[in-house]
Amino acid sequence: MQDSQRKISPSLSPALHSAAQEAPSDRLPKESTPVIELRRVTKRFLTPGGQTYTALRDLSLTVAPGEFCALIGPTGCGKSTTLSLIAGLDTPSAGSVLVMGEEVHGTDPRIGYVFQTDAVFPWKNVLSNVAAGPLFRGVPKREALERARAWIARVGLAGFEDRYPHQLSGGMRKRVALAQTFINEPQILLMDEPFSALDVQTRTLMENELLQLWSALSASVVFVTHDLEEAIALADRVCVLTAGPATVKGIYTIDLPRPRNVAEIRFDPRFVQLYHDIWEDLRDEVMISYERAKQSS
Amino acid sequence: MNGLSNLLEQGQSDGAANPTQETDSAILAALTRRRRRRRWLINALRLLLLVLLIGGWELGTRLGLIDPFFWGRPSGIWQQLVTWVVHGTAQGPLWVQIAVTLEEALLGFLIGVVLGISFGVLLGRNTFLAELLGPYIKAANSIPRVTLAPLFAIGLGLGSQSKIALAVVLVFFIVFFNAFQGVREVDRNLLANARILGANRWQLFREVILPSALTWIIASLHTSFSFALVGAVVGEFVGSIEGIGLMIQNAGATFNANGVFAAMLILAAVALLSEIVITALERRLLRWRPTALSEVTL
Ligand SMILES: Nc1ncnc2c1ncn2[C@@H]1O[C@H](COP(=O)(O)OP(=O)(O)OP(=O)(O)O)[C@@H](O)[C@H]1O
Ligand SMILES: [Mg+2]
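What you see is a predicted model; the values in this text were computed from it and never measured. Each chain carries its own residue numbering, running from 1 in the written order of its sequence. Chain A is the first chain written and ligand 1 is the first ligand written, with later ones labelled in order. Per-residue local features are limited, in this predicted model, to residues with pLDDT of at least 70; the limit for side-chain atom pairs, both in listing and counting, is 80 or more; totals at the level of whole chains, interfaces and linings are taken over all residues. Excluded from the side-chain calculations are hydrogens and water; all other atoms, namely the structure's heavy atoms, are used.

Colleague: Got a minute to help me understand the overall build of chain A in this structure?
Modeller: Per the convention used, a helix needs a DSSP run of H or I reaching at least four residues, while a strand needs a run of E reaching at least two, with both numbered from the N terminus. Along the backbone of chain A there are nine helices and ten strands. Looking at chain A as a whole, 55% of its 297 residues are labelled buried. In chain A, 69% of the contacts between residues at least 6 apart in sequence involve partners at least 24 apart. Of the accessible surface of chain A, which amounts to about 12600 Å², a share of 51% is contributed by carbon and sulfur atoms. For each residue, the accessible area found with a 1.4 Å probe, counting protein chains only, is set against the maximum for its type, and the residue is called buried under 20%, exposed over 50%, and partly exposed in between. Here a residue-residue contact requires only that any non-hydrogen atoms of the pair lie within 4.5 Å. Each accessible area value is a Shrake-Rupley result obtained with a 1.4 Å probe; residue values ignore everything except the protein chains displayed when judging cover.

Colleague: What's the story with the packing of aromatic side chains in this structure? I'm lost.
Modeller: Each aromatic ring pair is summarised here by two numbers: the centre-to-centre distance and the angle between the ring planes. To pair, rings of Phe, Tyr and Trp, with the six-membered ring standing in for Trp, must have centres within 6.5 Å; the planes then decide the type, stacked if under 30 degrees apart, edge-to-face if over 60, and tilted in the middle. Taken as a whole and assessed by the stated rule, the structure comprises 18 aromatic pairs over all chains. An angle of 75° between the planes, with centres 5.6 Å apart, marks the rings of W123 of chain A and W288 of chain B as edge-to-face. In this pair, W123 of chain A is assigned in the loop between β6 (111-114) and α3 (126-136) and W288 of chain B in the loop between α12 (257-285) and α13 (291-295), connecting two distinct chains. Given the relative accessible area of 12%, W123 of chain A is considered buried. With 5.2 Å between their ring centres and 70° between their planes, W57 of chain B and F261 of chain B make a pair best called edge-to-face. Residue W57 of chain B is located in helix α2 (residues 21-62), and its partner F261 of chain B is located in helix α12; the two are separated by 204 residues in the primary sequence. By the criterion adopted, a ring carries a charge over it if an Arg CZ or a Lys NZ lies within 6 Å of its centre and within 35 degrees of its normal. Sitting above the plane of the W151 of chain A ring, R154 of chain A keeps its charged end 4.6 Å from the centroid.

Colleague: I tried to follow the site of ligand 1 on my own but got confused; where do I start?
Modeller: Residues and elements named next belong to chain A. Put simply, a residue is near a molecule or strand once any heavy atom of it comes within 4 Å of that molecule or strand. The environment of ligand 1 is formed by 13 residues, the closest being T75, K79, S80, T81 and Q116. Each polar contact in these results corresponds to two N or O atoms within 3.5 Å; when the atoms are within protein, one needs to be able to donate a hydrogen and the other to accept it, and residues that are neighboring in sequence are counted only if both atoms are side-chain atoms. Take T75: an N or O atom from its side chain is 2.6 Å from an oxygen atom of ligand 1. In this structure, an oxygen atom belonging to ligand 1 sits 2.6 Å away from a side-chain N or O atom of S80. Contact with the protein chains covers 65% of the free accessible surface of ligand 1, which is 630 Å². Broken down by secondary-structure element, the contributors of at least two residues to the shell around ligand 1 are β2 (52-63) and α2 (79-87). Counting residues per element, the shell around ligand 1 draws most heavily on α2, which supplies three residues. Partitioned by chemical class, the residues of the shell around ligand 1 number four nonpolar, seven polar and two charged. Only Asp, Glu, Lys and Arg are considered charged, only Ala, Val, Leu, Ile, Met, Phe, Trp, Tyr, Cys and Pro nonpolar, and every remaining residue, Gly among them, polar.

Colleague: What exactly am I supposed to notice about the coordination of the magnesium ion (ligand 2) here?
Modeller: Ideal geometry at a metal centre: 109.5 degrees between donors when four sit tetrahedrally, and 90 or 180 degrees when six sit octahedrally. Coordination partners: N, O, S within 2.8 Å of the metal, 3.2 Å for Na, K and Ca; water not considered, so apparent gaps in a site are possible. Only S80 of chain A (OG) and Q116 of chain A (OE1) from the protein reach the magnesium ion (ligand 2) as donors, at distances of 1.9 to 2.2 Å. With S80 of chain A in helix α2 and Q116 of chain A in the loop between β6 and α3, this pair connects stretches of sequence that are 36 residues apart.

Colleague: Can you help me understand helix α4 (residues 74-87) of chain B in this one?
Modeller: Along an α-helix, residues three or four positions apart point the same way, because every turn accommodates 3.6 residues. Residue and element names in this part refer to chain B. In a helix, the anticipated span is given by 1.5 Å times the number of residues less one. The terminal C-alpha atoms of α4, which comprises 14 residues, lie 20 Å apart, in line with the 20 Å expected from a rise of 1.5 Å per residue. Of the positions making up α4, those classed as buried are P74, G76, I77, Q80, L81 and W84. Angularly, the buried residues of α4 cover 165° about the axis, an arc narrow enough to put them on a single face. For α4, the exposed residues set more than 90 degrees away from the buried face come down to W78, Q79, V86 and H87. What the arc describes is the spread of directions from the helix axis to the C-beta atoms.

Colleague: Just checking my understanding: could you explain a nonpolar patch on the surface for this structure?
Modeller: Patch definition: residues above 30% relative accessible area lacking any salt bridge, with like charges linked at up to 9 Å and the nonpolar side chains Val, Leu, Ile, Met, Phe, Trp and Tyr linked at up to 5 Å. For this analysis, a salt bridge means a side-chain nitrogen from Lys or Arg found within 4 Å of a carboxyl oxygen belonging to Asp or Glu. Taken together, W40, L41, L45, L48 and L52 of chain B make up a surface patch of nonpolar side chains, about 580 Å² in accessible area. Assignment of secondary structure puts L45 of chain B in helix α2.

Colleague: Would you mind going over unusual backbone geometry with me for this structure?
Modeller: Backbone phi values are negative for most residues with the exception of glycine, while trans is the configuration of most peptide bonds. Residues and elements named next belong to chain A. Cis geometry is found at the peptide bond from R258 to P259, where omega equals -5°. Locating P259 in the fold gives a position in the loop between β10 (248-253) and α8 (262-265). Phi is positive for R40, which is not a glycine, with a value near 40°. By the secondary structure assignment, R40 is in strand β1 (residues 36-46). Note on R40: relative accessible area 53%, which makes it exposed. Here S218, not a glycine, exhibits a phi torsion of approximately 45°, which is positive. As for its placement among the helices and strands, S218 is situated in the loop between α6 (200-217) and β8 (220-225). Classification of S218 by relative accessible area gives partly exposed; the value is 41%.

Colleague: It is not clear to me how the pairing of strand β7 (residues 188-192) of chain A should be interpreted in this structure. Could you clarify?
Modeller: Working note: regular strand, side chains alternate between the two faces of the sheet. All names here are of chain A. Taking burial as the measure, the five residues of β7 include five buried ones, the bulk of the element. Burial of the side chains of β7 extends over both faces: I188, L190 and D192 are buried on one face and L189 and M191 on the other. Where β6 meets β7, four bridges bridge the pair, whose relative direction is parallel. Looking across to β7, one finds that I111 is bridged to I188. One bridge is not enough; two strands pair if DSSP finds at least two bridges between them. Strand direction decides the pairing type here: β7 and β8, joined by five bridges, are parallel. Bridge pairing in β8 links L190 to V222. Here is how to tell: hold the view so the strands point away, follow the path from the first strand over the helix to the second, and if it runs clockwise the crossover is right-handed. Between the parallel elements β7 and β8, the chain passes through α6 in a crossover that is right-handed.

Colleague: Just to check I follow, could you spell out the state of the cysteines for this structure?
Modeller: Disulfides are covalent bonds that connect the sulfur atoms of two cysteines. Residue and element names in this part refer to chain A. Cysteine sulfurs are considered disulfide-paired once they come within 2.5 Å of each other. Enumeration over the complete set of coordinates arrives at zero disulfides over all chains. Unpaired in this structure, C69 has its nearest cysteine sulfur neighbour in C239, at a distance of 5.5 Å. Take C69: its relative accessible area is 0%, and that puts it in the buried class. The structure places no disulfide on C77, whose sulfur is separated from the nearest cysteine sulfur, that of C239, by 9.8 Å.

Colleague: Where do I start with the interface of chain A and chain B in this structure?
Modeller: The extent of an interface is frequently quoted as the accessible surface area lost upon association of the parts. Tallying the contact residues gives 36 residues for chain A and 27 residues for chain B. A quick way to say it: buried area is the sum, across both parts, of accessible area lost when two parts are put together, with a 1.4 Å probe. Carbon and sulfur atoms make up 64% of the surface buried where chain A meets chain B, a total of about 2800 Å² over both sides. When the area that chain A buries against chain B is broken down by residue, the three leading residues are W123, F136 and L205 of chain A, summing to 27%. For the interface between chain A and chain B, the tally reads one salt bridge. We note a salt bridge from K124 of chain A to E207 of chain B, for which the minimum N-O separation is 2.3 Å. Taken together, chain A and chain B are joined by ten residue pairs in polar contact (both at pLDDT 80 or more). Looking at the side of chain A that touches chain B, the elements that each hand over two or more residues are β6, α3, α4 (141-154), α5 (170-182) and α6 of chain A. Among the residues making up the side of chain A that touches chain B, the classes are represented as 20 nonpolar, ten polar and six charged.

Colleague: What is the right way to read the pattern of salt bridges from this model?
Modeller: Note that side chains of opposite charge can pair when their charged atoms are close. Residue and element names in this part refer to chain A. Evaluation of the coordinates by the stated rule reveals 22 salt bridges over all chains. A salt bridge links E207 to R203; the nearest nitrogen and oxygen atoms lie 3.4 Å apart. Residue E207 and its partner R203 are located together in helix α6, separated by four residues, close to a single helical turn. This pair shows no difference in class: E207 is buried, exactly as R203 is. D281 is the partner of K249 in a salt bridge, and the nearest nitrogen-oxygen pair spans 3.8 Å. Taken together, the residues span a long stretch of sequence, with K249 in strand β10 and D281 in helix α9 (residues 269-296) at a distance of 32 residues. Classification of D281 by relative accessible area gives buried; the value is 15%. A single network of salt bridges, built from pairs that share partners, joins R203, E207, D227, E229, E230 and R266.

Rendered as structure tokens:
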């Protein structure tokens, strides 16, 4: 894999430089416009009780072209909210979200989004589900179906083209969702815990597969996960968020060599070291989140 | 190209190859046999139930337990039906009466369904309109709408128009509320996914909102056709020159219980036929749903 192509984000906002930074600075390339930039983003929701709930507060984050960035944080801290802002499905209450240097207005055809919950269309079979994106975008039907078949084979679902989602297992549905997203060849890939529903073996296979696809597409990835091991194994950079309202607690550059084999890299001493360091940071947030959940119940 | 698909293919072929062919087909044969036997049993029991019911009724009237003047008698109902078929009714040939009522019901049904879906989708998608019109629609819905029949008779005359109008009103509200609810219940995730995948507004409607709402809409069609029939028949009660409703009214006016039952039987047959058509439509349009939901329909 083209390791040299992978760039590490150069432009962390000043506030973030105070956070734990372990990157050997010589690996940071020269300035380039970030693909995604969140500038002091705040997001408030109106709760059913009529009050406001702040899900994100002053969150700043940049993702460089071709970078694989993992977002990790305790449950309910605002990770999915962050992705939906980048995707243009929601607007920030304050601050600005920029994609390719431009303020986000609505959805962007260059962005692919694998949702946390099942979002394949239950009334379309596997083939139509995967072909949906190209068909929406005006690709001729024959070509769309042809490409869909290729992608279905690629995620290991060949022979299941005629099945409806309710006839598939949860893991298979997830693979349909992946093919549905990848077929559009997005330049920016947002993934919200895409593998959390999979068993460990399939998951490792899918993670390796994702790394391959990523290097082929040379897309920028924002990958949300609960799982610190997964985050380190996959990403160039791991971004730890605080318990809600989310803001960036620490950013860690993962200087493990590529290409990586997800199944083996967990035994790398450097991996263990990184895990230890990031966990120190993450643990406090998880504890805060846990204490809150206990109190409110 | 990758280990994943290899592994998965292996898994598949393992699963298919391991059980020997014979046991597979033996199990299948046993299953089909059991299912066929069950179907046969149910059909036989159904027939028995019918024979008992009608036989009991007939016997009851013959033994004097049931007064045939008030309750009719199966053989009398049958004779009435034969008379109608052979000699026609007081208002003309039987098939004309059926055709008239069916036409009124069908037209009312179609217009009501189209209007109901249109307004349901419109208000379901437009929160402002929904909030604006909500109270009025609820108020209109709470009126017992068959009471409109005399109004329609006055305004639209004794022809088929007044019956169609009544059927439309009855059908509209059922379909409207279901379409509205169906549109409201569309999974936000699916909408977001479609938008991300590149759907424009029309595609969003055609590929996500409509299929999703269709489950609700189709469910409403079952009841709404019966309501269309009710609308047509009640409209004919109130004032008409032909139709099954008029036949029932005439039979009632002449204390002909058998005639009322016979006309009811004809209506039931019409309703049953429409039910079969709608169920077939449902099967086709909702193929994607888990079968358990649509298999046992009464
Ligand atoms: N539409 C909404 N209205 C009100 N509150 C919301 C809304 N969406 C999200 N929230 C709140 O914002 C917070 C962050 O939600 P979000 O879905 O981003 O969490 P998350 O980090 O993705 O959690 P998880 O890891 O469990 O998926 C939660 O506390 C949630 O209750
Ligand atoms: Mg989430």
